[in-house]
Amino acid sequence: MGGFFGVVSASNCVREVFYGTDYHSHLGTRRGGMAVQTEDGSIRRRIHDITNSQFKTKLEPILSECSGKCAIGIISDVEDQPLLVSSRLGTYAIVTVGKIENIRELAEESYRTGTFFSEMSGGELNPTEMIASLINQKPDIIQGIQHAMDSIKGSCSLLIMIDGKIIAARDKYGRTPVSLAKRNEDGAVGVAMETSAFPNLDFTFLRDLGPGEIVQLSVNAIRQLKKPGTLNQICSFFWVYFGYPSSNFEGINTESSRYRNGRTIAEGDDYEDIDSICGIPDSGVAHAIGYSNASGKPYQRALVKYTPTWPRSFTPQNQAARNLVARMKLIPVEEQIRDKRLLFLDDSIVRGTQFKDIARRLYERGAKAVHLRSASPPIMFPCKFLNFSRSRSTLDLAAPRAVELLEGHPVEDPELLKKYTTEGTEQYNAMVEVIRKELGLATLKYQTLEKLIAAIGLPKERLCTYCYDGCDPTSGECPACRKIKESLGKSKGAKGTKEKKA
Ligand code: SF4
C-alpha cells in the first residue's frame, strides 16, 4: 500500500520527516523516498529501493546532505516516489498512496493529446505520474486534485510540496487516512497517514482530514482549500491488519479495537479443550490477546517472529518470495507446541497458503490440535481501491476458491459469491468446511462482519467492507449500496479559503 509523512517548520525539519516517514515502513517494502525544499527554494530528492534493507539505512545520508523547512517522505509499495514535477502550476514534489484501476484508459486518453508517460520496469505506468498529469490539466492545483480524484477509479491520498508549503488531500471517499498534528513549541505542522508517527517527534494530533478534503499547511497555519465530502469509506482493514497498534484512525485506536475483536470472537466459541491461545505475529497477536483475556485461556507464543531482520509485511509482490519470507520469519517454539491443543488467531485468511504451511509445521512438531480463528470475515472480493491484493484475482483468494470447488466451476459472478457471505447458512458453512480441510485444521471459524464492525466502533456506512460483502456505496450497484449513498448524499465538497491558526 504505502504511507506518507510531511512537515512544515520554522527550522530544519529533515530529521523529523526522516523518522516520521520511517514510522510508515510497515505499510510498504518497495521504495522509500524524501523530498526537501531547501533554503534557496530548490527541491532535493532521494529515492531508494528498500526491498532488502530498511528505509533508515538507505535514506540516512540525506540528513547530512541537505536541510530545509519543508519536506515530505514516502514508503511506497509500487512506484518510485516522490516525483518532481515542473509544470505551468509551478515546480513541486508529489507523493501518493492508493490505486488507479483505470490507469491504462486514462493513459490512452492522454496519448491523444500528445502526453507521454515514463514506464516503470515491467511495462507498468507510474500511478503518481498519472495523478500529476491529471492535476496539471487544470488551471490550479486545487482544481487539478479534484479533477484527478474524479477521474480515477480506485483511491488516492496525496501530498504536494510547493513554495515551502504542503498541500495534503485525502482520498475522495476517505479509503486511506490522513491526519494533521502540530508541535506547540515552534508551530511546526505535520501530516501523516499513521498517527503513530507523531508522539515521538513531539507533535500533538489535531484532527483527521475528511474524505476528499484538501488543506494547505504552513508554519502555525492550516488552510482549508476544499471541504470534505459526506461519504467516508475508510478501509476497515486498517483496524484488522494495516494499522500500527499505536495509531488511531477516525479517533479509534487500532490495538484496542483488536482486543475488542478478539473478545467477541471468544464469546460463544468453544474453547474448553484448548490449552493455549496464540497469535500470528504481528497483527494476529492483539486479536489473540483479546480472545485470551475473554476466555481465560493463557496467551502463549507457539511461534515467534525473528524481528531483528525480517520486516513485517506480506510483500514482496512475488508470491514465492512472499511465502519464503512468511516461513523464514516465524520460528516455532517447540516446548509451547508439543502435546498442546492450540487455538490461533490471524488477522485474515487471504490465500490460505501461509497458514496451511504453519499448521503442517505445528503438527510435525507434535501439536495435538491446531484451531484457527480469522479476525475478519472470509475475503470474497479482491480489493479494487488499494494495493492490498494487487496481483490477486478473485480465484487467488481462499474463499472464492472454495466456492469454485462447491459450484464445480470458476465463480467470478459477484451475486453468486455474495450468496456465500451470510454466516450460518448452508452455503457459508460448506465454504468454511472446504477451507478448513484445505488448511488441515481441527476447526476453523471466521469473525462475522457485524461483530467486526462493532469492534471497530464506526457505523457500517462509514467503513469500506467491499472485500467481505461486495458492498460499494460509491458505485451504488446494489440496493444496499444505493441506500447508503442516498442517505448520505453525493460527495460534493465546496471550495473554502478559511485559514485557521493551527
Ligand atoms: S476492499 Fe477491503 S482492503 Fe480494500 S479498501 Fe475496502 S476494506 Fe480495505
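Every chain is numbered on its own, with residues counted from 1 as its sequence reads. Residues qualify for local features only when their pLDDT is at least 70, as the model is predicted, and side-chain atom pairs are given and counted only at 80 or more; totals for whole chains, interfaces and linings, by contrast, use all residues. No hydrogens and no water enter the side-chain calculation; it runs on all heavy atoms of the structure.

Draft legend 1. Summary view of the overall build of the chain. To qualify as a helix, a DSSP run of H or I must reach at least 4 residues; to qualify as a strand, a run of E must reach at least 2; elements of each kind are numbered from the N terminus. The number of helices and strands found in the chain is 17 helices and 24 strands. Throughout, the radius of gyration refers to the C-alpha atoms, and the reference size of a globule is 2.2 Å times the residue count to the power 0.38. Compactness check: the chain gives a C-alpha radius of gyration of 23 Å against a globular reference of 23 Å for 502 residues, within 12% of the reference. Along the first, second and third principal axes, the C-alpha atoms of the chain reach 70 × 50 × 40 Å. Sorting the 502 residues of the chain into buried and exposed places 59% on the buried side. Between two residues, a contact is recorded if the distance between any of their heavy atoms is within 4.5 Å. The long-range fraction of contacts in the chain, counting pairs at least 24 apart against all pairs at least 6 apart in sequence, stands at 67%. Exposure was quantified through the Shrake-Rupley algorithm and a 1.4 Å probe, taking into account, for residues, occlusion by the shown protein chains and nothing else. When the accessible surface of the chain is summed, it comes to about 20,300 Å², and 49% of that surface belongs to carbon and sulfur atoms. We call a residue buried when its accessible area falls under 20% of the maximum for its residue type, exposed when it is over 50%, and partly exposed in between, using a 1.4 Å probe and counting protein chains only.

Draft legend 2. Highlighting the domain arrangement of the chain. Boundaries of every domain are those given by an automatic assignment or by a domain database. The assigned domain composition of the chain is domain 1 (2–233 + 492–501) and domain 2 (254–471). One C-alpha centre belongs to domain 1, the other to domain 2, and the line joining them spans 33 Å. In this assembly, 16 residues from domain 1 lie in contact with 14 residues from domain 2. Buried area: the sum, over both parts, of the accessible surface (1.4 Å probe) that disappears when the two are put together. In total, domain 1 and domain 2 occlude about 1,500 Å² of area from one another, counting both sides; carbon and sulfur atoms represent 44% of this. Considering only the surface of domain 1 that becomes buried against domain 2, K99, R175 and Q233 emerge as the three largest contributors, covering 34% of it. Throughout this description, a polar contact denotes any pair of N or O atoms lying within 3.5 Å of each other; where both atoms belong to protein, one of them has to be capable of donating a hydrogen while the other can accept it, and for residues adjacent in sequence the pair is counted only when both atoms sit in side chains. Linking domain 1 with domain 2 are four residue pairs in polar contact (both at pLDDT 80 or more). When residues of the side of domain 1 that touches domain 2 are traced back to their parent elements, those giving at least two are β6 (90–100) and β7 (154–162). As a working rule, the residues Ala, Val, Leu, Ile, Met, Phe, Trp, Tyr, Cys and Pro are called nonpolar, Asp, Glu, Lys and Arg charged, and the rest polar, with Gly in that last group. Looking at the side of domain 1 that touches domain 2 residue by residue, the class counts come to two nonpolar, eight polar and six charged.

Draft legend 3. Seen up close, the pattern of salt bridges. The term salt bridge refers to a side-chain nitrogen of Lys or Arg lying within 4 Å of a carboxyl oxygen of Asp or Glu. Under the criterion given, the structure shown has 28 salt bridges. Among the ionic pairs, R175 bridges to D472, the shortest N-O distance being 3.6 Å. With R175 in the loop between β8 (165–169) and β9 (179–183) and D472 in the loop between α16 (466–469) and α17 (479–488), this residue pair connects regions lying 297 residues apart in the sequence. Across the pair, D472 and R175 agree in class, each one buried. With its nearest N and O atoms 3.3 Å apart, the salt bridge here joins R462 to E250. Of this pair, R462 sits in the loop between α15 (449–456) and β23 (463–464) while E250 sits in the loop between β15 (248–249) and β16 (252–253); the two residues are 212 residues apart in sequence, bridging distant segments of the chain. With relative accessibility at 33%, the residue R462 sits in the partly exposed group. In this structure, a network of salt bridges that share partners links the residues R327, D357, R360, R361 and E364.

Draft legend 4. Spotlight on the packing of aromatic side chains. Classification of ring pairs uses Phe, Tyr and Trp, with its six-membered ring standing for Trp, and accepts pairs whose centres are within 6.5 Å; under 30 degrees between planes counts as stacked, over 60 as edge-to-face, and the remaining range as tilted. If you walk through the whole model with that rule in mind, you get 15 aromatic pairs. What links up through ring pairs into an aromatic cluster is the set F237, F238, W239, Y241, F242, F249 and Y468. The ring of F385 is capped by R175, whose NZ or CZ atom sits 3.5 Å from the centre of that ring. Charge over a ring is defined by NZ of Lys or CZ of Arg lying within 6 Å of the ring centre and within 35 degrees of the ring normal.

Draft legend 5. Spotlight on the nonpolar core. L217, W239, F242, F344, F355, L362 and M431 are the most contacted members of the largest nonpolar core, which has 86 residues in total. Two domains each provide a minimum of three residues to this core, namely domain 1 (2–233 + 492–501) and domain 2 (254–471). In this structure F344 touches C278, G279, I280, A302, L303, F355, L362, V370, H371, L372 and R373, once residues within four positions along its chain are discounted. Nonpolar cores were defined as sets of buried Ala, Val, Leu, Ile, Met, Phe, Trp, Tyr and Cys residues, with membership established by side-chain atoms within 4.5 Å. Judged by nonpolar contacts, the second largest core, of 30 residues, contains M130, I131, A169 and L225.

Draft legend 6. A look at unusual backbone geometry. Of note, the bond from Q81 into P82 is cis; its omega dihedral lies within 30 degrees of zero at -5°. Along the chain, the position of P82 falls in the loop between β4 (68–76) and β5 (83–87). The step from P281 to D282 runs through a cis peptide bond, and the omega angle for that step is 0°. Along the chain, D282 falls in the loop between β17 (276–279) and α9 (283–295).

Draft legend 7. Fine view of the side chain of Q81. You can see Q81 is positioned in the loop between β4 and β5. Exposure remark for Q81: the relative accessible area of 1% places this residue in the buried category. For Q81, the side chain forms a polar contact with the side chain of S76, separated by 3.4 Å. A distance of 3.3 Å separates the side chain of Q81 from the side chain of T128, its partner in a polar contact. Sequence-distant contacts of Q81, defined by excluding residues within four places in its chain, comprise G32, G33, I47, I74, S76, I94, V95, T96 and T128.

Draft legend 8. The arrangement of the pairing of strand β21 (residues 369–374) in detail. Within β21, six of the six residues are buried, leaving the element largely enclosed by the surrounding structure. Both faces of β21 are covered, namely the face carrying A369, H371 and R373 and the face carrying V370, L372 and S374. Judged from the six bridges that link them, strand β20 (residues 341–346) and β21 form a sheet pairing that is parallel. Within β21, the residue paired with L343 across the bridge is H371. We call a crossover right-handed when, viewed with the strands running away from us, the connection from the first strand over the helix to the second turns clockwise. For the crossover from β20 across helix α11 (residues 353–364) to β21, the handedness is right-handed. What makes two strands pair is DSSP finding at least two bridges between them. Relative to strand β22 (residues 443–446), β21 runs parallel, the two being bridged by four bridges. Within β22, the residue paired with R373 across the bridge is K445.

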